[in-house]
Amino acid sequence: MTHVPPGSGWPDDPARPDTPVAHDPAEVRELASASRTLAELTAAQSVCRACPRLVEWREEVATVKRRAFAGETYWGRPIAGWGEERPEVLIVGLAPAAHGGNRTGRIFTGDRSGDWLFASLHRTGLAAQETSVRAGDGQRLVGARMVAAVRCAPPANKPEPSERAACFPWLARELALVAGSVRVVVALGGFAWQAVWPALKDAGYVLPRPRPAFGHGAEVEISHGGRPAHLLGCYHPSQQNTFTGRVTAEMLDRLFARANVLRGS
C-alpha cells in the first residue's frame, strides 16, 4: 500500500473519500483560501498531491519501509496540523520525517526528535503524555497546536524552493484561522523561522522590520488585530543537535516555560 486511503479508519484522519484533492499549486491556493474551518483545511491538507517529487517519495517510503517498521502500515500522506482548535501556543516545524510522521500520521510522532520535543512539552504542561508514538495513542496537546511548514516528508529532509512555495498557502491559512487565540508562535529551527515569517504576514500579523535573526531563545513582539503576540526561536531537537549538546532538555524546557509565561501575559 502506498498510502492510507482517506476515510478508511485511520485514527484522527481528518479526510473523507470525497475530500477535494489539490493536484497543483493553484489548487492548493484555491482550497486553502476556501477553507472556512480547521476541519475543512486539515482534511484538504491531508490529501494534497501538488508536488510530484514529494508524492513519489512519501509513497515509496511507505511501500519499501524501514526494516524496524516492516510490519507496520505507513500513513504515506501529507501531515495535517493537529492539536487545539483555539491554541494559545502554535509550534511550527519544518516537515514530517520519512519514518516518523510519514509513518505515524502525525508530525513529530514516532521519531527521536519527537521524543525530545514531547517530553519537554509534557514537563511544561503543553502535552498530556511524555511520549507520542502514533496517531490515536492518547496524546493530546494542551493549549497548543502543531504544524509543519512543508506537509510531506522530503528526500534528505530538504524540500525544494518550489515545494515550499506550493505548501505555503496551507500554513498561511492555518495561521489565519487560529490567530484569534494564539499568543505565542514557536519556530523549531531556522527553516521554520524563515518559513513562518511571510506566512504570519499573509495571515494579517503586524511584524517588525527588518526581520530579526533566528537563534535559540530569540523573541520577537508581533500582533494581530491589535492583540499582542510573540514569536520565539527554538533550536530543532534533531538527533544532530541533541547528540552534540547543542540542544539540551533544560534548553527546551526553558523555552516552553517562557512560552507559557508569554501566553498568560
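So, how was this worked out
- Throughout this document, residue positions are counted from 1 along each chain, in the order its sequence is written.
- With pLDDT at 70 or above as the cut-off, local features in this predicted model cover only qualifying residues; side-chain atom pairs require 80 or more to be listed or tallied, and sums for whole chains, interfaces and linings still use all residues.
- By convention in this description, side-chain values take in all heavy atoms of the structure and omit both hydrogens and water.
- Here the term cavity refers to a set of points on a 1 Å grid, laid over the protein atoms alone, in which a 1.4 Å probe fits but cannot get out; the term pocket refers to an open set having protein on both sides within 12 Å along at least five of seven lines, with lining residues being those that place an atom within 4 Å of a point.
- Grid points are joined across faces, edges and corners, and a volume is the space filled by probe spheres set on the points.
- In DSSP terms, a helix is any run of H or I states spanning at least four residues, a strand is any run of E spanning at least two, and both are numbered starting from the N terminus.
- Residue type decides the class: Asp, Glu, Lys and Arg count as charged, Ala, Val, Leu, Ile, Met, Phe, Trp, Tyr, Cys and Pro as nonpolar, and the leftover types, Gly among them, as polar.
- Pairing between two strands is assigned when DSSP locates at least 2 bridges connecting them.
- Aromatic rings from Phe, Tyr and Trp, taking only the six-membered ring of Trp, are treated as a pair when their centres fall within 6.5 Å; an angle between ring planes under 30 degrees marks them as stacked, one over 60 as edge-to-face, and anything in between as tilted.
- By the criterion adopted, a ring carries a charge over it if an Arg CZ or a Lys NZ lies within 6 Å of its centre and within 35 degrees of its normal.
- The term nonpolar core refers to a set of buried residues drawn from Ala, Val, Leu, Ile, Met, Phe, Trp, Tyr and Cys, joined through side-chain atoms within 4.5 Å.
- For every residue, the accessible area obtained with a 1.4 Å probe (protein chains only) is divided by the maximum for its type, and the residue is called buried under 20%, exposed over 50%, and partly exposed between those limits.
- Should any heavy atoms of two residues lie within 4.5 Å, those residues are counted as being in contact.
- Helix span, as expected, comes to 1.5 Å for every residue beyond the first.
- Counted as a polar contact is a pair of N or O atoms within 3.5 Å, where, for protein atoms, one must be capable of donating a hydrogen and the other of accepting one, and residues adjacent in sequence contribute only when both atoms are in side chains.
- For every element, the axis is a line fit to its C-alpha atoms; helices are fit only across the contacting stretch, and the angle between N-to-C directions ranges from 0 to 180 degrees.

> Describe the layout of surface pockets, and please don't skip the residues or the numbers.
In this model, the largest pocket occupies a volume close to 870 Å³. If you trace the largest pocket, you find 31 residues lining it, with Ala97, Ser113, Asn157, His236 and Ser238 closest to the centre. At the level of secondary structure, the elements contributing two or more residues to the lining of the largest pocket comprise α5 (112-123), α7 (190-202) and α8 (239-244). Across the lining of the largest pocket, the residue classes tally to 14 nonpolar, 13 polar and 4 charged. In terms of lining, the second largest pocket is formed by 21 residues, of which the most central are Asp12, Pro14, Thr42, Gly81 and Trp82. Elements supplying a minimum of two residues to the lining of the second largest pocket: α2 (38-45) and β1 (82-83).

> Describe the pairing of strand β6 (residues 219-224), naming the residues involved and giving the relevant values.
With 2 bridges connecting them, strand β5 (residues 205-206) and β6 associate as antiparallel partners. Paired with Tyr205 across the two strands is His224, which belongs to β6. With 6 bridges connecting them, β6 and strand β7 (residues 227-234) associate as antiparallel partners. The partner of Glu219 across the bridge, within β7, is Leu232. Where β6 hands over to β7, the hairpin turn is made up of 2 residues, of which Gly225 adopts a positive phi near 60 degrees.

> I'd like a description of unusual backbone geometry, backed by residues and values.
The amide bond that connects Arg209 to the next residue, Pro210, takes the cis arrangement and shows omega of 0 degrees. Inspection of the secondary structure puts Pro210 in the loop between β5 and β6. At Phe108, a position not held by glycine, the phi torsion is positive, near 60 degrees. Along the chain, Phe108 turns up in the loop between α4 (101-104) and α5.

> Account for the packing of aromatic side chains, naming residues and giving values.
Going through the model one piece at a time under the given rule, you end up with 5 aromatic pairs. Here the aromatic residues Trp193, Trp197, Phe214 and Tyr235 are joined through ring pairs into a cluster of three or more. One residue, Arg103, lies across the ring of Phe69, its end atom 3.6 Å from the ring centre. Cation over ring: Arg246 sits above Tyr235, and NZ or CZ is 3.8 Å from the ring centre.

> Hey, could you go over the nonpolar core for me, with residue numbers and the actual values?
Leu121, Met146, Val186 and Phe256 are the most contacted members of the largest nonpolar core, which has 32 residues in total. Those elements giving two or more residues to this core turn out to be β2 (89-93), α5, β3 (144-148), β4 (184-188), β7 and α9 (249-263). The dominant element in this core, judged by the number of residues it contributes, is α9, at 6 residues. Leave out the neighbours within four places in its chain, and Met146 touches Gly81, Trp82, Ile91, Ile107, Phe108, Leu117, Phe118, Leu121 and Leu141.

> Give a description of α5 that names residues and reports values.
If you check α5, its first and last C-alpha atoms are 17 Å apart, about what 12 residues at 1.5 Å a residue would give, namely 16 Å. Buried within α5 we find Ser113, Gly114, Leu117, Phe118, Ala119, Ser120 and Leu121. Looking at the buried side of α5, the elements it contacts are β1, β2, β3, β4, α8 and α9. Where α5 begins, the capping side chain belongs to Asp111, and its oxygen is found 3.3 Å from the backbone nitrogen of Ser113. Phi for Gly125, located one or two positions after α5, is positive at around 85 degrees.

> Got a sec to walk through the sheet that holds β4? Specific residues and values, please.
Strand pairing in a sheet is mediated by backbone hydrogen bonds. Such pairs are either parallel or antiparallel. Pairing is mixed in the open sheet, where 7 strands are placed in the order β1-β3-β2-β4-β7-β6-β5. Both edges of this open sheet fall to β1 and β5, since each of them pairs with a single strand only. Sheet topology note: the β2/β3 ladder contains 5 bridges and is parallel. Residue Val89 lies in a different strand from β3, and its bridge partner there is Ala144. Sheet strands touched by α5: β1, β2, β3 and β4. Its angle to β3, the strand with the most contacts, is close to 160 degrees.

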